[in-house]
Protein chains: 2
Amino acid sequence: MKEIEELWREVRELSLGNNGSIERLESPPSSLDFLRNFINPNKPCIISNAINHWPALSSWSHHSYLSHSLSSSSVSLHLSPTGLADSLTTAPPSSPSPLCFASAHVQRHVPFPQALHLITSSHSSAFVAYAQQQNDCFRTEYSALANDCDSHVPWATRAIGAMPEAVNLWIGNQQSQTSFHKDHYENLYAVVTGEKHFLLLPPTDVHRMYIREYPAATYSYSSDTGEFDLELDEPIRYVPWCSVDPYPSPQNKDEEVSKFPLYFNGPKPFHCTVKAGEILYLPSMWFHHVRQSPDDGGLTIAVNYCKDQAFFLAVNIKCKSQTLMRVVFYAGYDMQFDIKYAYFNFLQSLHYRSTLSPMVQEKVSEETSDSDALA
Amino acid sequence: MKEIEELWREVRELSLGNNGSIERLESPPSSLDFLRNFINPNKPCIISNAINHWPALSSWSHHSYLSHSLSSSSVSLHLSPTGLADSLTTAPPSSPSPLCFASAHVQRHVPFPQALHLITSSHSSAFVAYAQQQNDCFRTEYSALANDCDSHVPWATRAIGAMPEAVNLWIGNQQSQTSFHKDHYENLYAVVTGEKHFLLLPPTDVHRMYIREYPAATYSYSSDTGEFDLELDEPIRYVPWCSVDPYPSPQNKDEEVSKFPLYFNGPKPFHCTVKAGEILYLPSMWFHHVRQSPDDGGLTIAVNYCKDQAFFLAVNIKCKSQTLMRVVFYAGYDMQFDIKYAYFNFLQSLHYRSTLSPMVQEKVSEETSDSDALA
């Protein structure tokens with residue numbers, strides 16, 4: 001559908017730029033500038049020198065400091081076979097579809113020193129451990145570290161007009177990845193140690209992500225056998241998720257490209273690396289895929305400020321607007337469910353009719369029929 | 001096309017409200033609140049008690065004050081047969097189409113006292129006179145009144161991040177009307193005497209306006225014969241304009257409704273009356289139709305702060321985005337050509353396929369084919 005492809009181009013020409021790079025600010029913007037130049041136009045940016053005053057920047061690279069500060073804390077740890085948790089994988093035999101959306105095994109109440117050991121030793125164990133509980137964990141499980149960071153990002157809080165509803169801590173290693181998805185809230189992502197590598201696509205590219213509904217499944221890990229079991233959630237529920245893996249293995253590359261031509265043959269995604277001491281503003285509704293590089297101690301640690309319960313919202317997003325309004329009403333760093341959001345829902349509700357070869361077109365309309373089912 | 005009708009509904013449910021009324025603020029908002037709650041979501045509002053300190057509010061209702069202050073000023077006056085200038089009318093015989101877009105006869109260098117007399121005596125003369133030159137006239141032709149108003153609206157200037165590029169004065173009577181159209185800039189409309197009555201539709205309703213290209217024509221008035229002549233502009237040029245007259249005469253009503261069912265049968269337009277001392281924030285890209293009621297002296301006077309050359313932009317809007325970017329770069333109170341604008345262009349580029357009766361559907365797709373030609 002040439003109009004949709006023109007939309008992909010125009011949003012880049014008018015607002016985002018065509019070179020696939022994210023704008024960088026050398027210092028924190030004023031609240032007005034941040035609201036006017038980034039939140040309003042739904043445009044990401046990376047801000048340097050905004051958290052230089054955080055004690056965390058120096059102290060968190062020392063495992064001894066973390067272990068000592070959190071010696072009496074218990075945390076939740078996400079375990080997965082490969083580090084690809086909350087992502088698509090081959091479904092168990094009982095599944096109605098070949099792929100499912102697999103959530104990690106969540107090991108609760110792990111003494112922090114042990115959790116830290118499990119994360120750093122993942123490469124030599126049967127699982128990859130990732131502390132990525134997105135339930136305001138920094139202000140609960142990790143409250144002993146509260147004085148190492150600001151409780152919010154002042155210029156962003158003033159711009160958005162509300163305090164963050166959730167502040168989360170992420171402690172992972174180079175094996176942890178987050179698959180393509182979007183969130184319905186404004187997100188500020190501060191990297192403290194290591195680096196995060198983001199692939200970003202604007203909401204206007206929704207048809208390029210081939211969002212479909214996948215049955216939800218959850219890993220369970222047995223410390224006795226040292227093995228994972230993957231089972232569909234009961235009662236069965238479906239999660240709308242992006243089908244695209246941007247880094248397919250060489251042997252799968254051709255098949256992936258032919259299954260998802262709009263992603264692989266369209267405008268290249270925006271790519272950025274967020275270094276320790278930098279903040280990424282990730283606007284609401286942007287599709288993002290995240291990988292990470294550890295610091296010398298083998299860790300990547302980040303704090304993000306946002307609204308929690310992404311999945312709750314992701315499900316609610318399919319309900320009537322009135323429901324959304326209620327959610328928004330109590331939200332912290334939540335997006336405005338305004339004309340941009342209405343435009344997005346309209347766009348997502350449209351079938352994509354490709355101008356590509358008939359063979360590909362067939363695949364595409366197949367994909368987007370599914371995608372439409374979500375709209 | 002049910003998706004487009006759902007968009008009309010959703011933008012009202014999520015952001016604008018369903019009762020067709022415009023939000024009112026009892027005092028000027030902070031720059032952050034104005035940017036976050038109105039400019040970002042592209043949502044109009046009426047602000048009271050924002051210009052109480054303007055000397056104009058008391059002095060401009062006295063014709064003697066205006067005549068004395070501008071005794072040595074010459075101004076531009078727009079003359080039309082009925083007060084419907086810059087609107088569609090029956091085209092001259094030479095026209096390729098039955099209707100044309102008729103601009104008023106512009107009488108330049110009229111001594112202000114005479115201009116004021118012509119405006120107030122329009123009801124008893126062969127023409128309707130309207131001082132509505134949109135070329136920053138308040139800071140040029142009417143500079144003698146500069147101290148009666150603020151040179152800009154401070155909280156809006158801070159929110160938008162730039163001074164207005166044009167400040168215009170409008171002096172008219174009850175016969176002057178402005179037909180449905182949209183502007184590509186943020187507009188603040190301060191009424192000083194009398195009242196302005198606005199009909200407003202959001203950009204998402206673009207298909208309901210039946211925008212088509214009409215040949216441009218201009219009235220010329222002969223003071224000898226006291227008659228108007230309407231001639232097509234040479235070389236012939238086309239102006240994209242809204243086809244809908246929201247107030248058809250009783251005898252035309254049925255035909256208008258059947259020609260423009262999406263307007264007359266869709267969600268009702270937002271309606272508001274802006275009284276002396278109030279400011280209307282008219283967001284970029286909103287379709288608006290304006291009528292007015294005079295004060296006891298027979299005048300409606302307003303000052304608006306915006307970017308000038310609406311028609312220049314209206315034409316340019318059809319050019320490649322790069323052109324727009326250049327325009328924007330130098331603009332004052334101009335809109336952000338951002339994701340909202342890209343979404344709008346996308347929406348406008350789509351054919352509207354009605355879910356109405358086949359007969360109506362035929363008409364509609366006919367209309368929108370034209371409309372698409374503009375996109």
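See the structure shown above.
What counts, and at which threshold
- Residues numbered from 1 in each chain as written.
- Chains lettered and ligands numbered in written order.
- Predicted model: local features only at pLDDT ≥ 70, side-chain atom pairs only at ≥ 80, totals over all residues.
- Heavy atoms only, no water.
- Least-squares fit on C-alpha atoms with pLDDT ≥ 70 in both.
- Contact = heavy atoms within 4.5 Å.
- Phe/Tyr/Trp six-rings, centres within 6.5 Å; stacked < 30°, edge-to-face > 60°.
- Helix = DSSP H or I, 4+ residues; strand = E, 2+ residues; numbered from the N terminus.
- Buried < 20%, exposed > 50% of the residue type's maximum accessible area, 1.4 Å probe, protein only.
- Buried area = accessible area lost by both parts, 1.4 Å probe.
- Polar contact = N/O pair within 3.5 Å; in protein donor to acceptor, adjacent residues only side chain to side chain.
- Nonpolar A, V, L, I, M, F, W, Y, C, P; charged D, E, K, R; others polar.

**What to know about the relation of the copies chain A and chain B**
- With an RMSD of 0.0 Å, the fit of chain A onto chain B corresponds to turning through 180° and sliding 0.0 Å along the axis. Expressed as an axis order, the relation between the two copies is that of a two-fold axis. Relative to the rotation axis, the C-alpha of Asn40 of chain A is the closest in chain A, positioned 2.6 Å from it.
- Both copies contact each other with a shared surface, as 100% of the interface residues of chain A are interface residues in chain B too.

**Some remarks on the packing of aromatic side chains**
- The tally for this structure, following the rule as stated, stands at 38 aromatic pairs over all chains.
- Summarising the aromatic geometry, the rings of Phe180 of chain A and Tyr263 of chain A are spaced 5.7 Å apart at their centres and angled 70° between planes, so their arrangement reads as edge-to-face. Residue Phe180 of chain A is located in strand 9 (residues 178–182), and its partner Tyr263 of chain A is located in helix 8 (residues 261–264); the two are separated by 83 residues in the primary sequence.
- Residue classification places Phe180 of chain A among the buried residues on the basis of a relative accessible area of 0%.
- Their ring planes at 50° and their centres at 4.4 Å tell us that Phe101 of chain B and Trp241 of chain B sit as a pair that is tilted. Highlighted residues: Phe101 of chain B in strand 5 (residues 99–103) and Trp241 of chain B in strand 14 (residues 238–241), separated in sequence by 140 residues.
- Note on Phe101 of chain B: relative accessible area 1%, which makes it buried.
- Site record: aromatic cluster; members linked through ring pairs are Phe34, Phe38, Trp155 and Tyr281 of chain A.

**Concerning helix 2 (residues 31–39) of chain B**
- Burial analysis of helix 2 of chain B places seven of its nine residues in the buried class, which makes it a mostly covered element.
- Every buried residue of helix 2 of chain B is listed here: Ser31, Leu32, Phe34, Leu35, Arg36, Phe38 and Ile39 of chain B.

**Observations regarding the interface of chain A and chain B**
- Tallying the contact residues gives 41 residues for chain A and 41 residues for chain B.
- Looking at the side of chain A facing chain B, the largest losses of area belong to Leu14, Tyr343 and Phe346 of chain A, adding up to 21% of the total buried there.
- Taken together, the links from chain A to chain B amount to nine residue pairs in polar contact (both at pLDDT 80 or more).
- Only helix 1 (2–16), helix 2 (31–39), helix 6 (154–160), helix 10 (321–329) and helix 11 (339–349) of chain A provide two or more residues apiece to the side of chain A that touches chain B.
- At ten residues, the largest contribution of residues to the side of chain A that touches chain B is made by helix 11 of chain A.
- Residue composition of the side of chain A that touches chain B, by class: 21 nonpolar, eleven polar and nine charged.

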